[in-house]
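If you want the building blocks of each chain, they are given just below.
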Amino acid sequence: LQAPEVLLLDEPTNHLDIATTTWLESYLARQTVAMVIVSHDRYFLDKVVTKIWELHKGRVTPYPGTYSEYWKLRGERAKVLERQHERQQEKIADLQEYIRKYGAGQRAKQAHDRERKLERIEQVELMDSIGGVPMSFGEVDRAGDIVIEAKDLGKAYSKPLFDHLNLRVERGQCVGVIGPNGAGKTTLIKILIGRLKPDRGEVRIGHKVHVGYYDQSLDSLPPETSVVRAVWPENDPSWVEEDVRDLLARFGLRGEIAFRTIGQLSGGERGKAALARLAATNANLLVMDEPTNHLDLWSCESLEQAIQEYEGTILVISHDRYFLNRVADRMVVVSDGNARVIEGDYETYQHLLQREQALKSRIAEKEKNDRSREDAAAARGGLARNTKEGRKRKFPYRKPVEIEREIGQLESDVLEMEDRLGQPTTWRDPVKARDLQTRYDAAKAKLETLYAHWE
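Residues numbered from 1 in each chain as written. Predicted model: local features only at pLDDT ≥ 70, side-chain atom pairs only at ≥ 80, totals over all residues. Heavy atoms only, no water.

Draft legend 1. The overall build of the chain, seen in detail. Within the chain one finds 14 helices and 13 strands. Taken against the 2.2 N^0.38 rule, which gives 23 Å for 455 residues, the C-alpha radius of gyration of the chain at 30 Å runs more than 25% over that of a compact globule. Buried residues in the chain amount to 41% of all 455 residues. In the chain, of all internal contacts separated by at least 6 residues, the share reaching a separation of at least 24 is 67%. Taken as a whole, the chain presents about 26,400 Å² of accessible surface, with 49% of it coming from carbon and sulfur. Here the chain contributes 70 positive and 74 negative side-chain charges, whose respective centroids are spaced 4 Å apart. (Helix = DSSP H or I, 4+ residues; strand = E, 2+ residues; numbered from the N terminus. Rg over C-alpha atoms; globule rule 2.2 N^0.38 Å. Buried < 20%, exposed > 50% of the residue type's maximum accessible area, 1.4 Å probe, protein only. Contact = heavy atoms within 4.5 Å. Areas by Shrake-Rupley, 256 points an atom, 1.4 Å probe, with all protein chains shown as cover. Lys, Arg positive; Asp, Glu negative; His and termini not counted. Charge placed at Lys NZ, Arg CZ, Asp CG, Glu CD.)

Shown next, in the form of structure tokens:
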């Protein structure tokens, strides 16, 4: 691997956290060697590849560009072929009508010419539609407006996982949870649904909330049990075998697959069976731990569509950034002993990080310049003279570094509030929106005062 001429990578991002995947993207994008990559990670493909090979029904079709460009080109090509096919069918119909009408009359010669022309026509082949089986979690009972309310949560094992976390999950929201492997994402989720106790703080589950849980290890599906029996809701006499098989078909498990054992299924089929079992619970709070790990691209698209149509509430742990951008209304980032709530999807979080990094760079540059000015003034004896003169100050004396630190924190808060004010979900609750606007205005005013103090 130190000096290859070609890299063959089969699902290189499987089981990697986002930080490691981001590093891998950056590393591969800098390589000058040829690479062939098999991957279901659409975000990764958009960052790394320059050509897509689509393998479908025994045929390989090349497309230039990234995954997103491929999907757009494929759609455009399908429309062009469809229009060409329609025009060709009209032409064929005209030829056939002429042959039928004049094949035995005075224009028989012309009709025979058209028969030969008809035989030479190469049929325009339409593109096969490609995609996963439509999934659906069905209708669910309505829960209360507040599904989960967590106050001052803290949890630690050998080291702190998170502390002082406050989170309110409202009905209909999809909350994505991200963070490095081992950061405590699964622990947090289990605390929020009452399966684990926090070290500090409290969690309240809302009125009429029924929880359904998808475990990334798929341990809820016994390997020796048939698919039908594994998915069949326990202690529910209203279900019959036909209902279960219809449910399995909704998740792409048809025919004799329903009677195989779980251990005989592929990883993707086991993932679909687990999703079907989740749907069978009729839960109005779905908790999913890495649901896209075992799914192909098209099944991920189907799952995203099912989540968007689902009327209940969802908590989902995922490293799939493309998936999170499609479904998440809010993000909880668990990292370095801290849990941070972000209003928006993964891209919103990335923009916030970039702004914060730019802000840190500006503050560092200010501190550097300030130290240079202080050193120069001290060398000239200017600081001593100014102190003796005892100039009347508009503001109480503070070290510039302290003011800059407070400016940095306040600018970060203002940016986060701006992001929240730009989210449509913020304005669903007018009281909260007005409170956020008031705090935003106060922070902006304080920031102006701090700028003047710093000057």
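We are not done yet, so read on.
Draft legend 2. Structural context of the packing of aromatic side chains. According to the stated counting rule, one finds 10 aromatic pairs in the structure shown. Ring geometry for F137 against F251: centres 5.9 Å apart, planes inclined by 55°, an arrangement best described as tilted. Of the two residues, F137 is situated in the loop between α4 (108-120) and β5 (146-156) and F251 in the loop between α7 (241-250) and α8 (267-280); the sequence distance between them amounts to 114 residues. Here the aromatic residues Y63, Y67, Y70, W71, W298 and Y322 are joined through ring pairs into a cluster of three or more. (Phe/Tyr/Trp six-rings, centres within 6.5 Å; stacked < 30°, edge-to-face > 60°.)

Draft legend 3. Local environment of the nonpolar core. In this structure, F137, L248 and I307 are the most contacted members of the largest nonpolar core, which totals 70 residues. No other element matches the 7 residues that α8 contributes to this core. In contact with L248, other than residues within four places in its own chain, are V227, V228, V231, L253, A258 and A276. Among the nonpolar cores identified, the runner-up in size contains 28 residues, and L165, L167, V169 and L315 belong to it. (Core = buried A, V, L, I, M, F, W, Y, C linked by side-chain atoms within 4.5 Å.)

Draft legend 4. The arrangement of the packing of helix α3 (residues 67-102) against helix α9 (residues 297-309) in detail. Where α3 meets α9, the axes come as close as 14 Å, and the angle between the chain directions of the two elements is 85°. As far as their axial angle goes, α9 and α3 are roughly perpendicular. Together, Y67, Y70 and W71 of α3 and L297, W298 and E301 of α9 make up the contact between the two elements. Within the contact of α3 with α9, the residues separate by chemical class into 5 nonpolar, no polar and 1 charged. (Axes fitted to C-alpha atoms, helices over the stretch in contact; angles between N-to-C directions. Parallel < 35°, antiparallel > 145°, perpendicular 65-115°, else oblique. Nonpolar A, V, L, I, M, F, W, Y, C, P; charged D, E, K, R; others polar.)

Draft legend 5. Spotlight on α8. Its 14 residues give α8 an end-to-end C-alpha distance of 20 Å, which sits within 8% of 20 Å, the value for a rise of 1.5 Å per residue. Those residues of α8 that are buried lie in contact with β9 (211-214), α6 (227-231), α7, β10 (285-289) and α9. N282 lies just past α8 and shows a positive phi near 55°. (Expected span 1.5 Å × (residues − 1).)

Draft legend 6. Local environment of the pattern of salt bridges. Enumeration according to the criterion identifies 28 salt bridges in this entry. When the shortest N-O distance is used, the salt bridge between D152 and R200 registers 2.5 Å. Separated by 48 residues along the polypeptide, D152 in strand β5 and R200 in strand β8 (residues 200-205) bring together distant segments of the chain. Given the relative accessible area of 26%, D152 is considered partly exposed. Between E256 and R260 there is a salt bridge; the shortest N-O distance is 2.6 Å. One salt-bridge network, in which partners are shared between bridges, spans R42, E301, E304, D320 and R326. (Salt bridge = Lys/Arg side-chain N within 4 Å of Asp/Glu carboxyl O.)

Draft legend 7. Summary view of the sheet that holds strand β12 (residues 330-335). On the basis of which strands lie adjacent, the open sheet formed by 6 strands has the order β9-β10-β11-β7-β12-β13 and mixed pairing. What marks the edges here is a single partner per strand, and that holds for β9 and β13 (338-343). The mean angle between the axes of side-by-side strands here comes to 15°, regardless of whether they run parallel or antiparallel. Relative to β10, β9 is paired through 4 bridges, and the arrangement is parallel. When the sheet's bridge partners are listed, V211 is paired in β10 with L285. (Pairing = 2+ DSSP bridges.)

Draft legend 8. Up close: helix α14 (residues 430-454). In this model α14 runs 36 Å from its N-terminal to its C-terminal C-alpha over 25 residues, within 8% of the 36 Å that 1.5 Å per residue would give. Among all positions of α14, only A433, L436, Y440, A443, L447, L450 and H453 are buried. Buried residues belonging to α14 abut α13 (400-421).

Draft legend 9. Fine view of the pairing of β10. Buried residues dominate β10, accounting for 5 of its 5 residues. Burial of β10 is two-sided: the residues L285, V287 and D289 facing one way and the residues L286 and M288 facing the other way are all buried. Where β10 meets strand β11 (residues 313-317), 5 bridges bridge the pair, whose relative direction is parallel. The residue bridging D289 from the neighbouring strand is I317, located in β11. Read from β10 through α9 to β11, the crossover connection turns out right-handed. (Right-handed = clockwise from strand over helix to strand, strands pointing away.)

What is shown is where atoms sit, not what they do.
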